[in-house]
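Take a look at the letters that make up each chain.
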Amino acid sequence: MVADFDPRSDYPLGTRRPDLACTPSGLSLDELTLDALRAGRLSNDAMRATPETLLRQAAVAHAAGRTQLAENLARAAELTAVPDDVILGLYTALRPRRTTAAELERWAERLEREYGAHSVAAFVREAADAYAERSLLAPGATAEAGRR
Amino acid sequence: MLAEPRPELGLVAMDGPGDPEPSLRIRDGRVVELDGRSAEEFDVLDRFIARYGIDLEIAAKAAELADDEIARRLVDVGVPRPELVRLSRGLTPARLARVVALLDPVELMFALKKLRARRRPANQAHVTNRKENPALLAADAAEAAARGFAEIETTVGVSRYAPLNAIAILVGSQVGRPGVLTQCAVEERRNLQLGLQGLTTYSETLSVYGTEPCFVDGDDTPWSKALLASAYASRGIKVRFTSGAGAEALMGHAQGCSMLYLEARCLAAIRAAGSQGVQNGGVSTVALALAVPGGTRAILAENLIAAWLDLEVASGNDAIASHSPIRKTAKLMGQFLPGTDFVTSGYSVMPRYDNVFGGGNYDADDLDEWLTIQRDWQVDAGIEPIAEDEAVAVRQRGALAVQAVFAALGFPPVSDEEIELATRGYDSRDLPDRDRAADVVAGDRVLEEGISGLDVAAALDGADFTDAAEAILGLQRLRVTADYLQTSAIVGPDWTVESAVSDPNDYRGPGTGYRLEGPRWAKLQRLPHQLDPAELTAGQVAASARLVAKGEARPGDGADEVVLALGPAFLTELRETIGGLAHEAVLAALADGVRDGGCRPRIVRVRDAADVAFIGHEGARLSGSGVAVGIQSKGTAVIHRADLEPLDNLELFGMAPLLGVDSYRAIGRNAAAYALGHQASPVPIEIDNYARAKLIVKTLLMHAKEAEAVEPGAPPLELSLELARA
């Protein structure tokens, strides 16, 4: 997925590798023009990075020694597939004492199954473990936590 | 207010008695003890930091180094930033706090200069107003952008205004300078929504706290915050976290620990979450840190830890730190002189009244001083001077652009009167009240209809604000390339992304790294409020009198003769004293005074000296009585006597700006009294200790003219004064 890309020299993509950056709908950077806007060829949904672009940015961060930023960007790459309202729902579920362990596990499974978001799923499971230990699951649900 | 430390309440800056001893034990590739706590006792922050925040391999190496050895490396110019950053990956929060606490203030500053992520420091602006007037928001944002701020943040008084405020500063900023990043600080969900719609490009609302109960009170955990950070990134929105000394103490959950240690925990968690940066350094609780001993130093230390952890640092200085301008600015220097990625995390570009963030540590009224301090130190703290007419023009254009956008999107209209007052008014009190009920309905529409950055661009394009429309498309390209998600990214000229990856801080000692020089230094030193030296001595009134030379001056013989000895430029090159008195009036007053005292004045020009003592002494040698008044063109005068050493005198009047016509008359009278051997009480003179600071440049320039007029070796001239009174 990130072949033909040197994270040490191809950043910034916008100036060094514009050929690699396009919208999710396949528009290249030089197609993002006022003419295209006037002709109705641009939509807000398309104004974002593709998962491939975010993985390249993760590789850039990793090459610069920024391991955790790279992991964050890799999670972001997975979340590009997840709709806004689902993300906001997941965020709420991760807030303290909102969710049972079983519900968090269902979130993790859904992230894997529906969106292929494996690292985000793992992240949610690690949160669930920590929440169980620290009484941060929904009240009355702590006993259930150990079953996972 | 100053307070004695109360460590049990967290009211202690650093090195608190309740701070844990640094420790780190690793077993089977897992952290089993962190800063005195075993894995079973880990709270949610310990778990998060242990899981994501410590590089075990580096930790093993770091364990072999003593604290003071690490501290020395922080200030060793020979140890490069990447090596220190790598080392930080193996340190625990207590160790980070312990090591930076070994540095004194100047060492902290030096280490911060070395460890800043981005090569060039920048600054962030706050733009709000109490009426949430869009024309004024756009005008202020446009001016802020034109002044070089790299980021602009707004917020709301009423949360339903958020979409309109976001649009207003988006439009204003892109009119002012394309590529400025903007944000609207509101509740997290709404915040993300504005970003999704392309109305904002960054967010720094992700607050982190140093204890578990504070985190939970903030309705978050490190995992929920980290997820949110990834969510923003997935939509191409730049994110930085927020933390700061004193928040835990204020929330009542400091767990008996010092502000610096808890901030170190925050920062370790922030890096563990994968944030590219942080807004820290007291921020909204800065006044609490400044209430206790070492508070200013602790805040600088927390900025340093953030930079050491390789995070972009927006270093506070936004909330009011103190009522004392001196303490406030003393604190600022800790970040201003080394330079941070954003020297303030919100410079209030409008008057303090309109700052809805509850702050405005520095505001519109301080801009000239900020610019002057940059000029004084030759330091770039991210704000550029612009001329008054440029500011007016860009403000008006910003306001007009938002008027066009509101019209195109069918929002409540922005009137021409609002444009005019937003352009030239002082604060929102100058503007008419808007129909707020209608405005918030329009705000709701933005969210319901998903009105986006592209819609704003189309509206601008349709109203011939093509440049601003193009700039908003440029921001969309940033979201697509995601280049600005790397550490410490800002947008430079021509849409180049300047980040810690493309433009890393490469300071390696004198002559290296970012230095304010060349065209940028020329720009930052040319301030609109500086004076053109030529103007200081030009424009002096035309003389209404002239002096006629009567040949070389010879020694006089009348015992009642007092010489008035003039400097070479008096009534020739120069026409007024430094205090603005016409030379002829001064001369007339001196002559009147001499006559009042019963003597005859005689006017002589000394041509070969510019110094008042020598002018006066030369005059005294020519005087029949042996007494003379020497006077320089700038008005400095002396009463001299021929038998004294040149640098001695009877009376010296050095405070020329404070001498009035009456003073000169009194000087003449006293000179006459000395000539006749009478007693005289010295002429009373006023003292103004600011006169020197205020007029020192003008003094230099006037004296230079006097010195230029000197003709070495030329004998003194006898003069007569011919008044040309109408």
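Note: the structure precedes this text.
Remember, predicted model here, so these are calculated numbers, not experimental data.

Caption draft 1: Expanded view of the overall build of chain A. Counting its regular elements, chain A contains eight helices and zero strands. Going residue by residue from the N terminus, the α and β elements of chain A occur as α-α-α-α-α-α-α-α. For chain A, whose C-alpha radius of gyration is 19 Å, the value lies well above the compact-globule estimate of 15 Å for 148 residues. Along the first, second and third principal axes, the C-alpha atoms of chain A reach 60 × 40 × 20 Å.

Caption draft 2: View of the interface of chain B and chain A. Taken together, the contact pairs 58 residues of chain B with 49 residues of chain A. Contributing elements (two or more residues each) for the side of chain B that touches chain A: helix H1 (44–53), helix H4 (81–88), helix H9 (188–196), helix H10 (212–217), helix H11 (222–234), helix H13 (259–272), helix H21 (453–462) and helix H22 (466–481) of chain B. In terms of residue class, the side of chain B that touches chain A is made up of 23 nonpolar, 19 polar and 16 charged.

Caption draft 3: Broad picture of the nonpolar core. If you look at the biggest cluster of nonpolar residues, it comprises 226 residues, and the most contacted ones within it are Leu73 of chain A together with Ala138, Val171, Leu260, Leu304, Ala401 and Leu460 of chain B. Among the elements that line this core, the one with the most residues is H13 of chain B, at 11 residues. Not counting residues up to four positions away in its chain, the partners in contact with alanine 138 of chain B are Ala168, Val171, Gly172, Gly398, Ala399, Ala401 and Val402 of chain B. Core analysis: the second largest hydrophobic core is formed by 51 residues, Ala565, Ala609, Tyr674 and Val683 of chain B among them.

Caption draft 4: A look at the sheet that holds strand E3 (residues 37–38) of chain B. Residue and element names in this part refer to chain B. Pairing is antiparallel across the open sheet formed by three strands, whose spatial order is E1-E2-E3. Each edge of the open sheet is held by one strand with a lone partner, namely strand E1 (24–27) and E3. Sheet analysis places strand E2 (residues 30–34) next to E3, joined by two bridges and oriented antiparallel. Opposite glutamate 33, over in E3, you have serine 38 as the bridge partner.

Caption draft 5: Here's a closer look at the environment of alanine 63 of chain B. In this structure, alanine 63 of chain B sits in the loop between helix H2 (56–62) and helix H3 (67–75). A residue is classified by how many C-beta atoms lie within 10 Å of it, and alanine 63 of chain B, with 15 of them, is partly exposed.

Caption draft 6: Structural detail: the pairing of strand E18 (residues 637–641) of chain B. Residue and element names in this part refer to chain B. Among the five residues of E18, five are classified as buried, and the element is accordingly described as predominantly covered. Here E18 shows no split at all, with Ala637, Ile639 and Arg641 on one side and Val638 and His640 on the other all buried. Across five bridges, strand E17 (residues 627–631) lies against E18 in antiparallel orientation. Among the inter-strand pairings, valine 627 is bridged to a residue of E18, identified as arginine 641. Between E17 and E18, which follow one another and run antiparallel, lie five residues, and glycine 635 among them has a positive phi close to 110°. By the bridge criterion, three bridges tie E18 to strand E19 (residues 651–653) in an arrangement that is antiparallel. The partner of alanine 637 across the bridge, within E19, is phenylalanine 653.

Caption draft 7: Here's a closer look at the packing of helix H15 (residues 295–308) of chain B against helix H16 (residues 325–336) of chain B. Residue and element names in this part refer to chain B. It is the contact of H15 with H16, at a shortest axis distance of 10 Å, that shows an interaxial angle of 20°. Between H15 and H16, the interaxial angle falls into the category roughly parallel. Handedness of the H15/H16 crossing: right-handed. Seen from H15, the contacting residues are Thr296, Leu300 and Asn303; seen from H16, they are Ala330, Lys331, Gly334 and Gln335.

Caption draft 8: Quick look at the packing of helix H18 (residues 388–408) of chain B against H21 of chain B. Residues and elements named next belong to chain B. Put simply, H18 and H21 touch, their axes get as near as 9 Å, and they point 110° apart. Taken together, the axes of H18 and H21 lie roughly perpendicular to each other. Packed against H18, whose contacting residues are Ala401, Ala404, Val405 and Ala408, the element H21 presents Val456, Ala459, Leu460 and Gly462 at the interface. A per-class count over the contact of H18 with H21 returns seven nonpolar, one polar and no charged.

Caption draft 9: A look at the environment of leucine 79 of chain A. Looking at the secondary structure, you find leucine 79 of chain A in helix H4 (residues 67–79). Judged by local crowding, leucine 79 of chain A falls into the buried class, with 26 C-beta atoms found within 10 Å. Spatially, the C-alpha atoms of leucine 79 of chain A and proline 7 of chain A are 22 Å apart, while their sequence positions differ by 72 residues. Look past the residues within four positions of leucine 79 of chain A in its chain and what remains in contact with it is Ile87, Ala117 and Val120 of chain A together with Ser230, Ala231 and Ser234 of chain B.

Criteria and cut-off values
- Residues numbered from 1 in each chain as written.
- Chains lettered and ligands numbered in written order.
- Predicted model: local features only at pLDDT ≥ 70, side-chain atom pairs only at ≥ 80, totals over all residues.
- Helix = DSSP H or I, 4+ residues; strand = E, 2+ residues; numbered from the N terminus.
- Rg over C-alpha atoms; globule rule 2.2 N^0.38 Å.
- Contact = placed C-beta atoms within 7 Å.
- Nonpolar A, V, L, I, M, F, W, Y, C, P; charged D, E, K, R; others polar.
- Core = buried A, V, L, I, M, F, W, Y, C linked by C-beta atoms within 7 Å.
- Buried ≥ 20, exposed ≤ 12 C-beta atoms within 10 Å, placed from the backbone.
- Pairing = 2+ DSSP bridges.
- Axes fitted to C-alpha atoms, helices over the stretch in contact; angles between N-to-C directions.
- Parallel < 35°, antiparallel > 145°, perpendicular 65-115°, else oblique.
- Left-handed = near helix turned anticlockwise from the far one by under 90°.

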